[in-house]
Amino acid sequence: MTKIPTSLRQLVIQRAQNRCEYCGISQVGQVATFHIDHIIPVVAGGETTSDNLALACVSCSLRKGARQQIKDSETGEVVNIFNPRQQRWHDHFAWNGVEVIGLTPTGRATVNALHLNRPTMLAIRVEEELLGRHPPPTDMTS
């Protein structure tokens, strides 16, 4: 596991507004501490720099793992997984209540690969909605 300096960790958390940059849930109220994810994994040559790091909930981080490419179930096209440093969330995803809708091959493939609409995640988003934390601020996912 790569050691991430405290100042860099704090920058990633602040930039993400303390939210998973893949599914949008808030770290506030979650039991597990979110991961600092290497968008391009270290094993693939990814560096520990701010432009290659994203805040990810444990679930998204573990489901993404070292994958960089995934298949869009609608087209069969192999696409890059969503990259929060190079792509805008709203270009690839939209909210339908508490459900994430993939708008593009990248969005659809990421929703499927990370299981962004599994029952537990939907229940967390319902709770976040009741607490005023869902949907995420538009500047977090823009």
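These figures come from a predicted structure and were not determined experimentally.

*Asks:* Which residues make up the pattern of salt bridges, and what values do they have?
*Replies:* Enumeration according to the criterion identifies 5 salt bridges in this entry. Residue Asp72 pairs with Arg108 through a salt bridge whose shortest N-O separation is 2.8 Å. Taken together, the residues Asp72 in the loop between strand S3 (69-71) and strand S4 (78-80) and Arg108 in helix H4 (residues 105-114) connect sequence positions 36 residues apart. Arg108 shares its class with Asp72; the two are buried.

*Asks:* So what's going on with the nonpolar core? Residues and values would help.
*Replies:* Cys20, Tyr22, Cys23, Ile25, Cys57, Cys60 and Leu116 are the most contacted members of the largest nonpolar core, which has 30 residues in total. Those residues in contact with Ile25 that sit more than four places away from it in its chain are Asn18, Arg19, Cys20, Gln30, Phe34, Cys57, Met121, Ile124, Arg125 and Glu128.

*Asks:* An account of the packing of aromatic side chains is requested, with residue identities and associated values reported.
*Replies:* Within this structure, the stated rule accounts for 4 aromatic pairs. With a centroid separation of 5.1 Å and 25° between ring planes, the pair formed by Trp89 and Trp95 is classed as stacked. Judged by its relative accessible area of 3%, Trp89 is buried. Feature note: the residues Tyr22, Phe82, Trp89, Phe93 and Trp95 constitute an aromatic cluster, connected by ring pairs.

*Asks:* I'd like a description of the environment of Gln87, backed by residues and values.
*Replies:* Relative to the helices and strands, Gln87 resides in the loop between S4 and helix H3 (89-92). The contacts of Gln87, once residues within four sequence positions are left out, are Ile81, Phe82, His92 and Thr106. A polar contact is formed between the side chain of Gln87 and the side chain of His92, at a distance of 3.5 Å.

*Asks:* Explain the side chain of Arg118 residue by residue, including any values.
*Replies:* Positionally, Arg118 belongs in the loop between H4 and helix H5 (119-130). Although Arg118 is buried, it makes no salt bridge; Glu128 carries the closest opposite charge, 11 Å away. A distance of 2.6 Å separates a polar atom in the side chain of Arg118 from a polar atom in the side chain of Ser59.

*Asks:* Go over the pairing of strand S6 (residues 99-102) with me, naming the residues and quoting the values.
*Replies:* If a strand is regular, its side chains alternate between the two faces of the sheet. Side chains of S6 alternate between two faces, with Val100 and Gly102 buried and Glu99 and Ile101 left unburied. One ladder, built from 4 bridges, connects strand S5 (residues 93-96) with S6; its direction is antiparallel. Looking at S6, one finds that Phe93 is bridged to Gly102. Linking two consecutive strands that pair antiparallel, namely S5 and S6, is a turn of 2 residues; a positive phi of about 70° is found at Gly97 within it.

Rules of the game
Residues numbered from 1 in each chain as written. Predicted model: local features only at pLDDT ≥ 70, side-chain atom pairs only at ≥ 80, totals over all residues. Heavy atoms only, no water. Salt bridge = Lys/Arg side-chain N within 4 Å of Asp/Glu carboxyl O. Helix = DSSP H or I, 4+ residues; strand = E, 2+ residues; numbered from the N terminus. Buried < 20%, exposed > 50% of the residue type's maximum accessible area, 1.4 Å probe, protein only. Core = buried A, V, L, I, M, F, W, Y, C linked by side-chain atoms within 4.5 Å. Contact = heavy atoms within 4.5 Å. Phe/Tyr/Trp six-rings, centres within 6.5 Å; stacked < 30°, edge-to-face > 60°. Polar contact = N/O pair within 3.5 Å; in protein donor to acceptor, adjacent residues only side chain to side chain. Lys, Arg positive; Asp, Glu negative; His and termini not counted. Pairing = 2+ DSSP bridges.

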